[in-house]
Amino acid sequence: MTTHWHHSPTHYRPLAAALAVLGLVLVVVLSPDAVRVEAVNIFGTLHAPGELSFVAGHRGGGKDGAPENTVPAFELSLQSDADFIETDLQLTSDGVPVLMHDFTLDRTTDGAGPVWASTWAQVSRLDAGSWFDPAFAGTRVPRLDDLLDIVRPTAKRVILELKGSWNDEQLGPVVDEIRSHGLADRVMIAGFDVRSLAAAQRVGPEVQRVIIIHDVVGDPAVLAATCGAVAIVTSKAFLRADPGAVERIHDAGLGVMIYTLNSSKTWSEAIALGVDGIITDKPLELDRWLATGAG
Ligand code: G3P
Ligand code: CA
């Protein structure tokens, strides 16, 4: 079929003129806030001070009774009321996305050396449970695929933190897995490295992104615009020192999450500040605390 757009036939000119006027109006209306980011739909609406935050189980809820970033931890998180499971993503030397926090295997498995230097065949044989409790001997390092399979039939969402730096080519298979599980609207890609998040934006723009940053310095909207992020994950220390930051981040149209809060005192503080999400190692304990009405 031949397209005539390149020839600008006379009957398209009124439409072109109307679109040009509309474009000009949008530029004039939007230019004062050109870097504002409003896409916070994975959060729902932004929270007000005192409104109950959503909850994310950090490293799968790694202090609730199962080893961090393993299927037993994810299953405990599923039993909790937490809305999100937070976990950490790395690639094996042969490009398999696996869930592990540390860059090396030493602390949480019976292996040694960097994750990136081991093949999936090697990692898949490791014991990722005994270090935590002998009762978990034989627990394996999960692949991203394992977590997405578990999450798919539930209503839970996932915060998938990219550990280290990622390029477009490395992110391609990750986005494909998220898409093939039908979870593009229930996974947020998180990271400290905005260049990796910008790569995620190019490869899978529909999978929302959040920036993790210890201290939010400067205009949060400018920061978020570097990778089209919808929220900022920041530290307890930063928000304690600068509680007005929650309002500034919200005013930029961005969500605010805080990590990693494991005590009722800090949960109360976060809710009073109006943060949208609390990342905790203890989602089940936070449930119990909320059930007392304390929240
Ligand atoms: O979500 C933020 C938090 O997970 C970053 O800390 O080191 O536990 O991955 P880390
Ligand atoms: Ca993490």
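This text goes with the structure placed above it.
Just so it is clear, the model here is predicted, and its values are computed rather than measured.

Undergrad: Honestly, the packing of helix α4 (residues 144-151) against helix α5 (residues 168-180) in this entry has me stumped. Any pointers?
TA: For any two helices packed against each other, one specifies the inter-axial angle together with the distance between the axes. Where α4 contacts α5, the two axes come as close as 10 Å, and the packing angle between them is 20°. The angle between the axes of α4 and α5 places the two elements in the roughly parallel class. In this structure, the crossing between α4 and α5 has a hand that is right-handed. Together, Leu144, Asp145 and Leu148 of α4 and Val174, Glu177 and Ile178 of α5 make up the contact between the two elements. By residue class, the composition of the contact of α4 with α5 is four nonpolar, no polar and two charged.

Undergrad: Whenever I open this one, the packing of aromatic side chains confuses me. Can you help?
TA: What characterises a pair of aromatic rings is the spacing of the ring centres plus the angle enclosed by the ring planes. Applying the stated criterion across every chain yields a total of four aromatic pairs. Ring centres of Phe54 and Phe84 lie 4.9 Å apart, and the angle between their planes is 40°; on these two criteria the pair is classed as tilted. Linking Phe54 in strand β1 (residues 54-57) with Phe84 in strand β2 (residues 84-91), this pair joins segments that are 30 residues apart in sequence. Through a chain of ring-to-ring contacts, three or more aromatic side chains come together here, namely Trp131, Phe132 and Phe136. Positioned above the aromatic ring of Trp131 is the side chain of Arg107, whose terminal nitrogen or guanidinium carbon lies 5.6 Å from the ring centre.

Undergrad: What's the story with helix α6 (residues 194-203) in this structure? I'm lost.
TA: The periodicity of an α-helix, 3.6 residues per turn, causes residues three or four positions apart to be oriented the same way. Those residues of α6 not exposed but buried are Ser196, Leu197, Ala198, Ala199, Ala200 and Val203. Elements in contact with the buried residues of α6: β4 (157-162), α5, β5 (187-191) and β6 (208-213).

Undergrad: Could you clarify how one ought to interpret the nonpolar core in this entry?
TA: For soluble globular proteins, nonpolar side chains are generally found buried alongside one another. With 54 residues, the main nonpolar core has Leu89, Leu160, Ile178, Val187, Leu239, Val275 and Ile278 as its most contacted residues. Residue contacts for Leu239: discarding those within four places in its chain leaves Thr234, Ala245, Val246, Val256, Ile258, Leu273 and Val275. By size, the runner-up hydrophobic cluster in this structure holds 13 residues, among which are Ala56, Ile159, Ala231 and Val233.

Undergrad: Just to check I follow, could you spell out the side chain of Ser118 for this structure?
TA: Its place among the elements puts Ser118 in the loop between β3 (97-99) and α3 (120-124). In terms of polar contacts, Ser118 uses its side chain to reach the backbone carbonyl oxygen of Pro114, at 3.2 Å. With residues up to four places along the chain from it excluded, the contact list for Ser118 reads Thr92, Ser93, Asp94, Leu105 and Val123.

Undergrad: Is there a simple way to explain the pairing of strand β9 (residues 277-280) in this structure?
TA: In summary, the side chains of a regular strand alternate between the two faces of the sheet. Neither face of β9 is open: one carries Gly277 and Ile279, the other Ile278 and Thr280, and all of them are buried. The sheet contact formed by β1 and β9 spans four bridges and is parallel. If you follow Ala56 over to β9, its bridge partner there is Ile279. Bridge count between strand β8 (residues 255-259) and β9: two bridges; the pairing is parallel. Bridge assignment links Met257 to a residue of β9, and that residue is Gly277. Tracing the backbone out of β8, into helix α10 (residues 264-273) and back to the parallel element β9 gives a crossover that is right-handed.

Undergrad: Which parts of the structure should I look at to understand the site of ligand 1?
TA: Neighbouring residues of ligand 1: His58, Arg59, Glu86, Asp88, His101, Glu161, Lys163, Ile212, Val233, Tyr259 and Ile279. Arg59 is positioned with one of its side-chain polar atoms (N or O) 2.9 Å from an oxygen atom of ligand 1. Glu86 places a side-chain nitrogen or oxygen 2.8 Å from an oxygen atom of ligand 1. Protein chains shield 90% of the accessible area of ligand 1, which is 300 Å² for the free molecule. Among the residues forming the shell around ligand 1, the class breakdown is four nonpolar, two polar and five charged.

Undergrad: What's the story with the pairing of β6 in this structure? I'm lost.
TA: In terms of residue burial, β6 counts as a mostly covered element, since five of its six residues are buried. Across four bridges, β5 lies against β6 in parallel orientation. Note that in β6 the partner of Ile189 across the bridge is Arg209. This β-α-β element, β5 to α6 to β6, shows right-handed connectivity. At this point the chain moves from β6, through helix α7 (residues 220-225), to the parallel strand β7 (residues 231-235), and the crossover so formed is right-handed.

Rules and cut-offs
Residues numbered from 1 in each chain as written. Chains lettered and ligands numbered in written order. Predicted model: local features only at pLDDT ≥ 70, side-chain atom pairs only at ≥ 80, totals over all residues. Heavy atoms only, no water. Axes fitted to C-alpha atoms, helices over the stretch in contact; angles between N-to-C directions. Helix = DSSP H or I, 4+ residues; strand = E, 2+ residues; numbered from the N terminus. Parallel < 35°, antiparallel > 145°, perpendicular 65-115°, else oblique. Left-handed = near helix turned anticlockwise from the far one by under 90°. Contact = heavy atoms within 4.5 Å. Nonpolar A, V, L, I, M, F, W, Y, C, P; charged D, E, K, R; others polar. Phe/Tyr/Trp six-rings, centres within 6.5 Å; stacked < 30°, edge-to-face > 60°. Lys NZ or Arg CZ within 6 Å of the ring centre and 35° of its normal. Buried < 20%, exposed > 50% of the residue type's maximum accessible area, 1.4 Å probe, protein only. Core = buried A, V, L, I, M, F, W, Y, C linked by side-chain atoms within 4.5 Å. Polar contact = N/O pair within 3.5 Å; in protein donor to acceptor, adjacent residues only side chain to side chain. Pairing = 2+ DSSP bridges. Right-handed = clockwise from strand over helix to strand, strands pointing away. Near = heavy atom within 4 Å. Areas by Shrake-Rupley, 256 points an atom, 1.4 Å probe, with all protein chains shown as cover.

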